[in-house]
Amino acid sequence: MTDNHSDTRLLGIDAQEMQEWIESFDAVLKDEGEETAGLLLERLRSRAQSLGVGPAFTANTPYANTIPPEKQGVFPGDQNIERRIKSLIRWNALAMVVRANRVDHSIGGHISTYASAATLFEVGFNHFFRGRTEHFEGDTVYFQGHASPGVYARAFLEGRLSAKQLENFRRELRPDGGLSSYPHPWLMPDFWEFPTVSMGLSPLMAIYQARFNRYLEDRGLKPVTDSKVWAFIGDGETDEPESLGAITLASREHLDNLIFVVNCNLQRLDGPVRGNGQIVQELEAAFRGAGWNVIKVLWGTDWDLLFERDSDGLLVKRLGELVDGEYQRLVVESGAYVRQLVFGTDPRILKMVEDVPDEALRTLRQGGHDPRKVYAAYKAAVEHKGSPTVILARTIKGYGLGEGGEGRNITHQQKKLNEEELREFRSRFGIPISDEQIAEMPFYRPPEDSHEIQYLRARRQQLGNYVPSRRVRSQPIVADHDELFREFLAGSEGREVSTTMAFVAMLRHMLRDPEIGKLVVPIVPDEARTFGMESLFRQVGIYSSRGQLYEPVDVHTLLYYKEAKDGQILEEGITEAGSMASFMAAGSAYATHGINTIPFFIYYSMFGLQRISDFIWAAADMRCRGFLLGGTSGRTTLAGEGLQHQDGNSHVLALPIPTLRAYDPAFAYEVAVIIQDGIRKMYKDGESIFYYITLMNEPYAMPPMPPGARDGILKGLYKFRASENKKSKLRAQLFGSGAILREALRAQEILEEKYGVAADVWSVTSYKALYTDGINAERWNLLHPAEKPQIPYISQCLGEAPGVLVAATDYLKALPNLISRWAPQRFASLGTDGFGRSDSREALRNFFEVDARFITLATLRELFRDGKIESSVVEKAIKDLGIDAGKPNPLLT
Ligand SMILES: Cc1ncc(C[n+]2csc(CCOP(=O)(O)OP(=O)(O)O)c2C)c(N)n1
Ligand SMILES: [Mg+2]
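Below is a short write-up of the structure. Because the structure is a prediction, the values reported are computed rather than measured.

### Let's talk about the overall build of the protein chain
(1) Moving on: Check the secondary structure of the protein chain and you find 37 helices and 20 strands.
(2) Moving on: Dimensions of the protein chain along its principal axes, counting C-alpha atoms only, are 105 × 75 × 55 Å.
(3) Moving on: In the protein chain, which comprises 893 residues, the share counted as buried stands at 59%.
(4) Moving on: Contacts in the protein chain between residues at least 24 apart in sequence constitute 77% of all its contacts with a sequence separation of at least 6.
(5) Moving on: Here the protein chain displays about 36700 Å² of accessible surface, and carbon together with sulfur accounts for 52% of that area.
(6) Moving on: Averaging the positions of the 103 positive and the 118 negative side-chain charges in the protein chain gives two centres separated by 4 Å.

Rendered as structure tokens:
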């Protein structure tokens, strides 16, 4: 401490006394070690607190590297050769993007993200990321999506991708193939494992992946290993609520198999992440507060010398004062500017750099660009026990792009460099490409027997395999499991049950099955009781990595809240996004772990596709398998809840997701047929599809399955009950689905009894399936004009079906309208467009105009249009049915 230290004066004790305090502490540290010194501080803190002296709360440490040089250890690699490899990757990554944009300037791509992340990735590739092998499951790595050119460029050096593929970066539709812009397992199923480019998804997915790995271990489904989950994310990306939304889960679960690496280049797309603050400190406080092990890698080795001179901590203090906007500015400024801004505020700090030339000050390296610092951090992270680790690594966005983009606000969008800039880049990184060649931007791969290639291969061999690499390793399941579903085909013999209750009974059966029982992963976001699933708590237990440390309040009841280390239910609490991330981990385990886990994620249907659709989209990209169950679905079926809960939307929102099969079953046997067939398709035949099935809470007697209905249930449509009246000239076809099917059945009776209309009732289990089938047939016909046209399934079904057609659904009218053009007759649609209300089912079905009376009315109106009845019959029907023709339009009220 120096004499005039301002804090000391403020404290009112003299410097001498302060010095003595510090020396005493130093002595304890030296003689007794770190643990005792830490305990001493803890004691002092608690003593102070008991005397009413609350130290100012801070979750921050100084703006310095967490790992001091003396604890850094030695770097085990050949730094020289690793630098050369990295430089070649940098070059090829740059060449990919620049070349792609020369061919087509609108093709896009990013060079500055990988430029900043190169060292963070390369240290991982050379020393940490273990590939998946026969004997070891390997590590799981989520790569920052926009850094994909670097991952491709490395795979090129590894001989896994060809120059042609690199050339076709972002031009996947070339005849000889190309590379997808970002990590997409759907597009590159042997390469990418996890879609990461929608910001914020991958941090959340990584947390739940790490937890799911533990779940598999605790349940004995995979051996206990030290496999790690790495997630590389951008500092700007941390603003997405999903990014930090589950970090307390990771610490609560002691996920020391999880490592976040936040690439803190201080910039996002438009400009600085925190121009007026410090993103590193903000993140440190958030993660430390959440119980993570935080490792800051801010400064490179060349700073160590300066910190050695900083015995009073003045320099570190000064570095903690600069805001990120200033740090960004320093990247583009001269050494003299650096000296002035950083060191010039205090003559004592200035003195520390008096012998350092301007040029050296200008090029002082950030920690994230220094392999030794990064290695030390990664090593500490993989060795750390008891909590997850986040590494906050300072880098420069666009590192190496010089004036073409380094640290500039425009750098994120930069995709072109002029020749001069290319030459500079080439020289800076020592790429063996001549001035004459530079304009062509050739990809460069050293010969197979070169040091670089040999080294790189040897490193990967040592680490098991190449990363990323996706391989399906699970064995198909064997049995058909008829016995699990048989009872549901027979109906409920008059007993009133809901499809939700039926599903839960099926789940209970499946959980008991010797083959698939252990593979079933029930996932609930605090809704198990809503769906009557509490019996499962006791049957299979709720997963808890700590077991149950308390005697539950309801321990004396049959269905008590049982938590267990080998519990099977993932009770995620109120997080649909987190539950979905668990679904994704379980739904992709057939590839990630070679285990066919079958997730059943059941939730309030309104909080699924409407709320977390981007995750569901990513699940499809990721080739996930499993079942999403939208409980309490339907706009008019969930009585009472009202506008926010009543879901008439999700089946429309399911339409765009190509691999999602969406079903709106009305009866237990339909649910049974769909689930049994889904298990066969996904886990026996290996189809990369998943299912969305809506379930209702309205109890009614479940009929037995009509003979021959199975095929139609799966295809989306079958005739449920034909009219027995074969003589009537007035004919109709009624489509009902989900809860509204029963309204169609009632309408069938009213039409028959009151109006002499013979109507057949069809169950539409999936408008999406009918729509997909229809557009597929149309497409085929378009391309094969001379051949016999394909006939959409719905057209085949209706064929000669006589009379008018009315379709009613508990979802938007858009659903039936989707398929109307393939029906041979005119189509009238009833649906629930508009905001829900709190009221009874009956009142709601009147309000939305989807009850039996409205189906009757719509049928009569169609018959009138066909000239089969007089308008007066329709008008009278409105009165007789008690319909208020002046009622408000539900869409607008
Ligand atoms: C959900 C979502 N919103 C916006 C984008 C567009 N976007 C792509 S990269 C980017 C900036 C990324 O900044 P940062 O996370 O700091 O990564 P860096 O490139 O700086 O490493 C943005 C806004 C996206 N990919 N996903
Ligand atoms: Mg950034």
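### With respect to the packing of aromatic side chains
Remark: the centre distance and the inter-plane angle together describe each pair of aromatic rings, the angle taken between the planes.
(1) Moving on: Inspection of the entire model under this criterion finds 52 aromatic pairs.
(2) Moving on: Between the aromatic rings of Trp 230 and Tyr 378, the centroid separation amounts to 4.9 Å while the plane-to-plane angle is 65°, which identifies the pairing as edge-to-face. Within this pair, whereas Trp 230 is found in strand β2 (residues 229–234), its partner Tyr 378 is found in helix α18 (residues 371–383), the two being separated by 148 residues in sequence. The same class applies to Trp 230 and to Tyr 378, which are both buried.

### Let's talk about the coordination of the magnesium ion (ligand 2)
(1) Moving on: Protein ligation of the magnesium ion (ligand 2) involves Asp 235 (OD), Asn 265 (OD1) and Gln 267 (O), the donor distances falling in the range 2.0 to 2.1 Å.
(2) Moving on: Here the donor residues for the magnesium ion (ligand 2) map to a single chain with the spacing D-x29-N-x1-Q. Within this pair, whereas Asp 235 is found in the loop between β2 and α9 (241–245), its partner Asn 265 is found in the loop between β3 (258–264) and α11 (279–289), the two being separated by 30 residues in sequence. For the residue pair Asp 235 and Asn 265, the accessibility class agrees, reading buried in each case.

### Considerations on a negative patch on the surface
(1) Moving on: Taken together, the side chains of Asp 14, Glu 17, Glu 20, Glu 23 and Asp 26 present a region of like negative charge at the surface.
(2) Moving on: With respect to the secondary-structure elements, Glu 17 resides in helix α2 (residues 15–32).

### Topic: the pairing of strand β12 (residues 626–631)
In the case of a regular strand, side chains alternate between the two sheet surfaces.
(1) Moving on: Counting buried residues along β12, six of its six residues qualify, which places the element largely inside the surrounding structure.
(2) Moving on: Burial along β12 is two-sided: the residues Gly 626, Leu 628 and Gly 630 and Phe 627, Leu 629 and Gly 631 are all buried.
(3) Moving on: Here strand β11 (residues 598–604) pairs with β12 via five bridges, running parallel. Its bridge partner lying in β12, Tyr 604 is registered against Gly 631.
(4) Moving on: Each parallel crossover has a hand, and for β11 linked through helix α27 (residues 609–621) to β12 it is right-handed.
(5) Moving on: Sheet topology places β12 next to strand β14 (residues 690–694); five bridges connect them, and they run parallel. The residue bridging Gly 630 from the neighbouring strand is Thr 694, located in β14.

### Details of the nonpolar core
(1) Moving on: By size, the foremost hydrophobic cluster in this structure holds 183 residues, and its most contacted members are Ile 207, Met 510 and Ile 675.
(2) Moving on: Not counting chain neighbours up to four residues away, the residues in contact with Met 510 comprise Leu 484, Phe 485, Ile 516, Gly 517, Val 520, Phe 600, Ile 675 and Ile 679.
(3) Moving on: In terms of nonpolar packing, the next biggest core, distinct from the first, is built from 67 residues, Val 123, Phe 128, Leu 401 and Leu 422 among them.

### Some points on the sheet that holds strand β1 (residues 140–142)
(1) Moving on: The strand order across the open sheet built from five strands is β1-β2-β3-β5-β4, with neighbouring strands paired in parallel fashion. The strands lining the two open edges of the sheet, one partner per strand, are β1 and β4 (293–297). For this sheet, the mean angle separating the axes of adjacent strands, direction not counted, is 15°.
(2) Moving on: One ladder, built from six bridges, connects β3 with strand β5 (residues 389–394); its direction is parallel. Along β5, the bridge assignment pairs Phe 260 with Val 390.
(3) Moving on: Sitting on the sheet, helix α8 (residues 201–218) is in contact with β1, β2 and β3, with an inclination near 170° to β2.

### Notes on unusual backbone geometry
(1) Moving on: The amide bond that connects Val 467 to the next residue, Pro 468, takes the cis arrangement and shows omega of -5°.
(2) Moving on: Checked against the element boundaries, Pro 468 lands in the loop between α21 (451–462) and α22 (482–489).
(3) Moving on: Of note in this structure, Leu 266 is not a glycine but carries a positive phi near 65°.
(4) Moving on: Note that Leu 266 resides in the loop between β3 and α11.
(5) Moving on: Owing to a relative accessible area of 2%, Leu 266 belongs among the buried residues under this scheme.

### Re the side chain of Lys 397
(1) Moving on: Looking at where Lys 397 falls in the secondary structure, it is placed in the loop between β5 and α19 (419–428).
(2) Moving on: The charged side chain of Lys 397 is buried without a salt bridge, its nearest counter-charge being Asp 235 at 6.5 Å.
(3) Moving on: Within the local environment of Lys 397, its side chain forms a polar contact with the backbone oxygen of Arg 268, the two atoms lying 3.4 Å apart.
(4) Moving on: Within the local environment of Lys 397, its side chain forms a polar contact with the side chain of His 412, the two groups lying 2.7 Å apart.

### Considerations on the sheet that holds strand β19 (residues 804–808)
(1) Moving on: Strand order in this open sheet of five strands is β16-β18-β17-β19-β20, and the pairing throughout is mixed. Edge positions in the sheet fall to β16 (717–721) and β20 (827–830), since each of these pairs with one other strand and no more. Each adjacent strand pair in this sheet contributes to an overall mean axis angle of 25°, direction not counted.
(2) Moving on: Sheet strands touched by helix α36 (residues 852–865): β17 (731–736), β19 and β20. Its angle to β19, the strand with the most contacts, is close to 155°.

### Re the site of ligand 1
(1) Moving on: Near ligand 1 you find 18 residues, and of these Thr 113, Gln 144, Asp 235, Gly 236 and Lys 397 are the closest.
(2) Moving on: Note that an oxygen atom of ligand 1 is positioned 3.0 Å from one of the side-chain N or O atoms of Asn 265.
(3) Moving on: Interatomic distance of 2.9 Å between a backbone N/O atom of Gln 267 and an oxygen atom of ligand 1.
(4) Moving on: When grouped by side-chain class, the residues that make up the shell around ligand 1 number three nonpolar, 10 polar and five charged.

Cut-off values and rules
- Residues numbered from 1 in each chain as written.
- Chains lettered and ligands numbered in written order.
- Predicted model: local features only at pLDDT ≥ 70, side-chain atom pairs only at ≥ 80, totals over all residues.
- Heavy atoms only, no water.
- Helix = DSSP H or I, 4+ residues; strand = E, 2+ residues; numbered from the N terminus.
- Buried < 20%, exposed > 50% of the residue type's maximum accessible area, 1.4 Å probe, protein only.
- Contact = heavy atoms within 4.5 Å.
- Areas by Shrake-Rupley, 256 points an atom, 1.4 Å probe, with all protein chains shown as cover.
- Lys, Arg positive; Asp, Glu negative; His and termini not counted.
- Charge placed at Lys NZ, Arg CZ, Asp CG, Glu CD.
- Phe/Tyr/Trp six-rings, centres within 6.5 Å; stacked < 30°, edge-to-face > 60°.
- Donors = N, O, S within 2.8 Å, 3.2 Å for Na, K, Ca; no water.
- Patch = residues over 30% accessible without salt bridge, like charges linked within 9 Å, V, L, I, M, F, W, Y side chains within 5 Å.
- Salt bridge = Lys/Arg side-chain N within 4 Å of Asp/Glu carboxyl O.
- Pairing = 2+ DSSP bridges.
- Right-handed = clockwise from strand over helix to strand, strands pointing away.
- Core = buried A, V, L, I, M, F, W, Y, C linked by side-chain atoms within 4.5 Å.
- Axes fitted to C-alpha atoms, helices over the stretch in contact; angles between N-to-C directions.
- Polar contact = N/O pair within 3.5 Å; in protein donor to acceptor, adjacent residues only side chain to side chain.
- Near = heavy atom within 4 Å.
- Nonpolar A, V, L, I, M, F, W, Y, C, P; charged D, E, K, R; others polar.

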